[in-house]
Amino acid sequence: MVAAPMGVNPTEPDRPAHLFTNPYAGYGSPVAGEEFVGRASAISSIRNRTFTSLETASVSIVGPPRVGKSSLARQVQEQLAIGRSVRGRTFVPVWITVSGCDSEQSLFRELAYAVHGWISDRDLLTDRLESQYVSFTAAVTWDEMKMRLRTYLRRLRHIGFQVVAVLDEFDAARTVFRRSAPYEYLRSLAYEPDVRVALITTSRRALADIVVKSTPELSTFPQIFGLPVTLGCFDARELTALLERSPHVGAALRPPVLSWLGRETGGQPFLASALLSVLHDRWAAHGVPLPADLAPQLGEAVAASSGLTVRHHEQMLELLREEDRLTTLLEVLFGPQITAKPQDAERLAEEGIIRAADDGWVGFSENFQEYLGLLEGSSDDWSLWHRTETGLRAGLITALHGAYGDLWPLRLRESQKRLMDRCEDRRQRMRQGFKELAPDESPLDYAYPQDLLAIIMLHWEQVRPVLGRSRDEWRERLELMARVRTPMAHNRSSGTSPLLMEQFRKYCEDVLRWLPRPVAAGTPRVPSGRRAPVGDVDAGPVGHGAVDVGVQP
């Protein structure tokens, strides 16, 4: 690898690359201050509701895994929970990680302990406040604890303090609270004017869903929070701000790295920071590359992070599965929409799980879309197409092997280099991103219908003995399949019709009936049964320009 000379990236200081720090090395932990980027709209919403309103109302921060909920709460606490409120009360910021609480009383005891510690550290204690805290710590029963904590917090507010409590990882309340009483007590502490503790919760699930998972009893706790602040992926400006924290990436490298982050992560903060951390570790050790030498390193970073990326995707899908929304996601992305409604897609988009495309909805990143494509396949039409596509690849490989022997991949590369390069690129992307899920397979496993048709048309005389039928019959069927596959992949209603889908099903059955039976021995390996990534769009019917210019067999 060739290191870029000093000055290629203007932001780099004039010192050896190995002395640079990695500004992304702490990815996965909450950040604040200089390390925090973006979320201006979310911060504004929380400021208006909690810190500049007369009533210091509570607010919930909701979003999928690893999207920066705790970082936002920490940034808000450090930047806004300082000084005095609109009513002149001194802010008392405290932080409670709910997943660390082991009983319904422990959360409230932790609240009192944290508040009292903050007051004590600043020499603001009064004798009366101290005696009330000691009385609270001696409480044993739930009723005693409730009464004495309320008395303590009421006194605290009376002498001019405003508690702002972050309840991080509030999803854990599902197991910490097993009845409605703790929720209702927490609600009273946040709602009643003489106590009014401002709560900021962070959770993956909506508060109403958390309460329902805890107890069958009704609770009005979620109603005091108003509309949640929902976090999704970074937008283009926020992703640019994240990248600008790098001492390595100057004007020459910024556009390709930014484009790469958009494709691979869709602006997902954790994944973007993880990829940048891996990249910067390599640059710190070996030097910053020239733009022309960047692409291989980007691919290596994706491959090195593949396990982490897959685990992130698994976490997200597990959450959706638990909420009975995984099927909805697959319907929105791949169709057919049986139970999914427009508002379901809008909610998934707001959470940063999917994004709008010109022709429908797609996963938040190309990587996530490809991952879902490896797992999806439940609808009847997709199942039929899956069998047809897999069988067509196997039959074509059998025919090519019969014509050219073991050298058939070489003959395809000689005659249709661009087509084979595209298949190889898809294979490499899948292997880099999903090493555990994408074994080394035939390049035709990554060919689309128009690719398979282009091969059949150019090599027709060689494959005809095995495939049979006529050239026009194969062209007619595969052109229609290519036409229908794209709107199916993107769940578009435009481009398909009941009549067209009926014809599609008939043609799939025709192809399955025409295909040769695989021979048990002496033939190349049959494709694995996976589909080409559904995130890409087929080019459509094959015309004269679709067949690569090359050596005619």
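In case you missed it, the structure is sitting above this.
Summarised in this report is the structure supplied together with it. Because the structure is a prediction, the values reported are computed rather than measured. (Residues numbered from 1 in each chain as written. Predicted model: local features only at pLDDT ≥ 70, side-chain atom pairs only at ≥ 80, totals over all residues. Heavy atoms only, no water.)

## Remarks on the sheet that holds strand β4 (residues 198-203)
Thought 1: Strand order in this open sheet of 5 strands is β2-β3-β4-β1-β5, and the pairing throughout is parallel. The open sheet is flanked by β2 (90-97) and β5 (229-230), the only strands paired with a single partner.
Thought 2: Two elements, strand β3 (residues 161-168) and β4, share 4 bridges in a ladder whose sense is parallel. Residue pairing for β4: V164 is matched across the bridge by A198.
Thought 3: Most of the contacts of helix α1 (residues 40-51) go to strand β1 (residues 59-62), to which it runs at about 160 degrees, and overall it touches β1, β2, β3, β4 and β5. (Pairing = 2+ DSSP bridges. Helix = DSSP H or I, 4+ residues; strand = E, 2+ residues; numbered from the N terminus. Contact = heavy atoms within 4.5 Å. Axes fitted to C-alpha atoms, helices over the stretch in contact; angles between N-to-C directions.)

## Some words on the layout of surface pockets
Thought 1: Of the volumes computed, that of the largest pocket is approximately 740 Å³.
Thought 2: If you go around the largest pocket, you meet 34 residues; those closest to its centre are G28, S29, P30, G68 and S71.
Thought 3: Among the elements of the structure, α2 (69-80), β4 and α11 (269-286) are those that each provide at least two residues to the lining of the largest pocket.
Thought 4: For the lining of the largest pocket, the class distribution of residues is 15 nonpolar, 10 polar and 9 charged. (1 Å grid on protein atoms, 1.4 Å probe; cavity = no way out; pocket = protein on both sides within 12 Å on 5 of 7 lines; lining within 4 Å. Points joined across faces, edges and corners; volume = space filled by probe spheres on them. Nonpolar A, V, L, I, M, F, W, Y, C, P; charged D, E, K, R; others polar.)

## Notes on the pairing of β2
Thought 1: Most of β2 sits inside the fold, with 6 of its 8 residues counted as buried.
Thought 2: Bridging between β2 and β3 involves 8 bridges; their strand directions are parallel. Within β3, the position partnered with F91 by the bridge is Q162. (Buried < 20%, exposed > 50% of the residue type's maximum accessible area, 1.4 Å probe, protein only.)

## Description of empty space enclosed by the protein
Thought 1: With the rule as written, the count across this model stands at 4 cavities of 30 Å³ or more.
Thought 2: If you add up the space inside the largest cavity, you get close to 80 Å³.
Thought 3: The wall of the largest cavity is formed by 12 residues, among which E264, L275, S305, T309 and N367 lie closest to the centre.
Thought 4: Looking at the lining of the largest cavity, the elements that each hand over two or more residues are α10 (254-265), α11 and α13 (306-322).
Thought 5: Of the residues that constitute the lining of the largest cavity, the class distribution is 5 nonpolar, 6 polar and 1 charged.

## Some thoughts on the nonpolar core
Thought 1: Ranked by size, the top nonpolar core spans 64 residues in total, and within it L329, F368, L400, L444, I456 and W474 carry the most contacts.
Thought 2: Here this core takes 9 residues from helix α17 (residues 380-404), the largest share from any one element.
Thought 3: Those residues in contact with L329 that lie beyond four places of it in its chain are L317, L320, L348, I353, I354, F368 and L372.
Thought 4: Of all hydrophobic cores here, the second largest spans 46 residues; its members include L107, L149, F161 and A172. (Core = buried A, V, L, I, M, F, W, Y, C linked by side-chain atoms within 4.5 Å.)

## Overview of the pattern of salt bridges
Thought 1: All chains considered together, the criterion is met by 25 salt bridges.
Thought 2: R347 is paired through a salt bridge with E351; the nearest N and O atoms lie 3.2 Å apart.
Thought 3: What makes R347 partly exposed here is its relative accessible area of 33%.
Thought 4: Taking relative accessible area as the criterion, E351 reaches 9% and is therefore assigned buried. (Salt bridge = Lys/Arg side-chain N within 4 Å of Asp/Glu carboxyl O.)

## Focus on unusual backbone geometry
Thought 1: Even without a glycine there, the phi angle at E169 is positive, about 55 degrees.
Thought 2: Mapped onto the elements, E169 comes out in the loop between β3 and α6 (173-176).
Thought 3: According to the relative accessible area criterion, E169 is partly exposed, its value standing at 37%.
Thought 4: Here the phi dihedral of R469 falls at roughly 55 degrees; this positive angle occurs in a residue that is not glycine.
Thought 5: Note that R469 resides in the loop between α21 (460-467) and α22 (471-489).
Thought 6: Judged by its relative accessible area of 47%, R469 is partly exposed.

## Comments concerning the packing of aromatic side chains
Thought 1: Evaluation of the coordinates by the stated rule reveals 15 aromatic pairs.
Thought 2: Each member of the aromatic cluster is reached from another via a ring pair, and the members are F108, W142, F170, F177, Y183, Y185, F221 and F225.
Thought 3: Of note, R109 hangs over the ring of F136, and the distance from its end group to the ring centre comes to 5.5 Å.
Thought 4: In this structure, R179 is placed above the aromatic ring of W142, and the distance from its NZ or CZ to the ring centre is 5.1 Å. (Phe/Tyr/Trp six-rings, centres within 6.5 Å; stacked < 30°, edge-to-face > 60°. Lys NZ or Arg CZ within 6 Å of the ring centre and 35° of its normal.)

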